[in-house]
Amino acid sequence: MKKITIAIDGYSSTGKSTVAKQIADYFDYVYVDSGAMYRAITLYALQNDFISENKFDKNPLINSLNNINLKFNKNSSTGKAEIFLNGINVEREIRTLRVSEFVSPIATLSEVRAKLVQQQQIMGNDKGIVMDGRDIGTVVFPEAELKLFMNANAEQRAKRRFNELIERGDSVSYEEILHNVIERDRIDTTRKDSPLIKAKDAIEIDNSEMNLEDQFQTILQLAKDRVAGRV
Ligand code: CDP
């Protein structure tokens, strides 16, 4: 069967990674969470004190990019790919609100983007990949056979992210999550390098009112049509 490339972009906390994983599992494709890579670089900046209080110093980070090694390894018990920063599993640490607060400013840096886009394109060389992020359909895989652009209202998205963080035991407030979701959208859509925009040929999906099963079935049908060459 023909292998395709599936690019899923959209606003923060729109559930891109949930559906991306479901689709990748269905077709036995590789799933790559490109946001995890930007988050891991942000964690590195925090760990090395390139961020103090509410400011980050971009030059030491840019000068250190060659020392940052990112790899995804499958967790043998859950079957899910987890990100390793210089050999250490940081899958959990990259999801904190502290990382979320700095990831969008760091993702504006062209040096950071160039490094990550190059790695992402190598991962997609053989197709059979589902990648989610902000610039996947526009920059990383402009030739992807299926491009999706996900949206939902900000309150709904903040509620989902708040629940995720509370469930894992983080102490956060709904208001600060909502603020972060809105602020990241603003930075991601207005940055100069690779802003979040809908690719011309992307299909827009608003999942504010969709349950996970409806969303999965809708996207699965779009993917099946492309794998079968019907579209
Ligand atoms: O929290 P959520 O899952 O929505 O976001 P994420 O996919 O983990 O991405 C975190 C941040 O990384 C985004 O807000 C962007 O600033 C940045 N990012 C990016 O610039 N380009 C990508 N392809 C993926 C993420």
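Residues numbered from 1 in each chain as written. Predicted model: local features only at pLDDT ≥ 70, side-chain atom pairs only at ≥ 80, totals over all residues. Heavy atoms only, no water.

Things to note about the environment of Arg-226
- Here Arg-226 is to be found in helix H9 (residues 212-227).
- Put simply, Arg-226 and Lys-2 are 224 residues apart on the chain and 8.9 Å apart in space, counted from C-alpha to C-alpha.
- Here Arg-226 is in contact with Lys-2, Ile-4, Glu-145, Leu-146, Ile-203 and Val-231, once residues within four sequence places are set aside. (Helix = DSSP H or I, 4+ residues; strand = E, 2+ residues; numbered from the N terminus. Contact = heavy atoms within 4.5 Å.)

With respect to the environment of Glu-143
- If you trace the backbone, Glu-143 turns up in the loop between helix H6 (136-140) and strand S9 (146-151).
- Distance from Glu-143 to Asp-201, taken between C-alpha atoms, is 10.0 Å for residues 58 residues apart in sequence.

Overview of the packing of aromatic side chains
- Counted under the stated rule, the structure contains five aromatic pairs.
- Centroid distance Phe-27 to Tyr-29: 5.5 Å. Interplanar angle 35°. Geometry classified as tilted. Tyr-29 matches Phe-27 in its accessibility class, with the two residues each being buried.
- Members of the aromatic cluster, joined through ring pairs, are Tyr-26, Phe-27 and Tyr-29. (Phe/Tyr/Trp six-rings, centres within 6.5 Å; stacked < 30°, edge-to-face > 60°. Buried < 20%, exposed > 50% of the residue type's maximum accessible area, 1.4 Å probe, protein only.)

A closer look at empty space enclosed by the protein
- All told, the structure shown has two cavities of 30 Å³ or more when counted by the stated rule.
- Computed from the structure, the largest cavity encloses a volume of approximately 40 Å³.
- Lining the largest cavity, in full, are Leu-97, Ser-100, Arg-161, Leu-165, Ile-177, Asn-180 and Arg-184.
- Secondary structure elements with two or more residues in the lining of the largest cavity: helix H4 (97-106), helix H7 (154-167) and helix H8 (174-190).
- The element that contributes the greatest number of residues to the lining of the largest cavity is H8, accounting for three residues.
- Roughly 30 Å³ of internal volume is contained in the second largest cavity.
- Forming the walls of the second largest cavity are Asp-9, Gly-137, Lys-147, Leu-148, Phe-149, Ile-197, Lys-198, Ala-199 and Ala-202.
- Of the residues assigned to the lining of the second largest cavity, the class counts are five nonpolar, one polar and three charged. (1 Å grid on protein atoms, 1.4 Å probe; cavity = no way out; pocket = protein on both sides within 12 Å on 5 of 7 lines; lining within 4 Å. Points joined across faces, edges and corners; volume = space filled by probe spheres on them. Nonpolar A, V, L, I, M, F, W, Y, C, P; charged D, E, K, R; others polar.)

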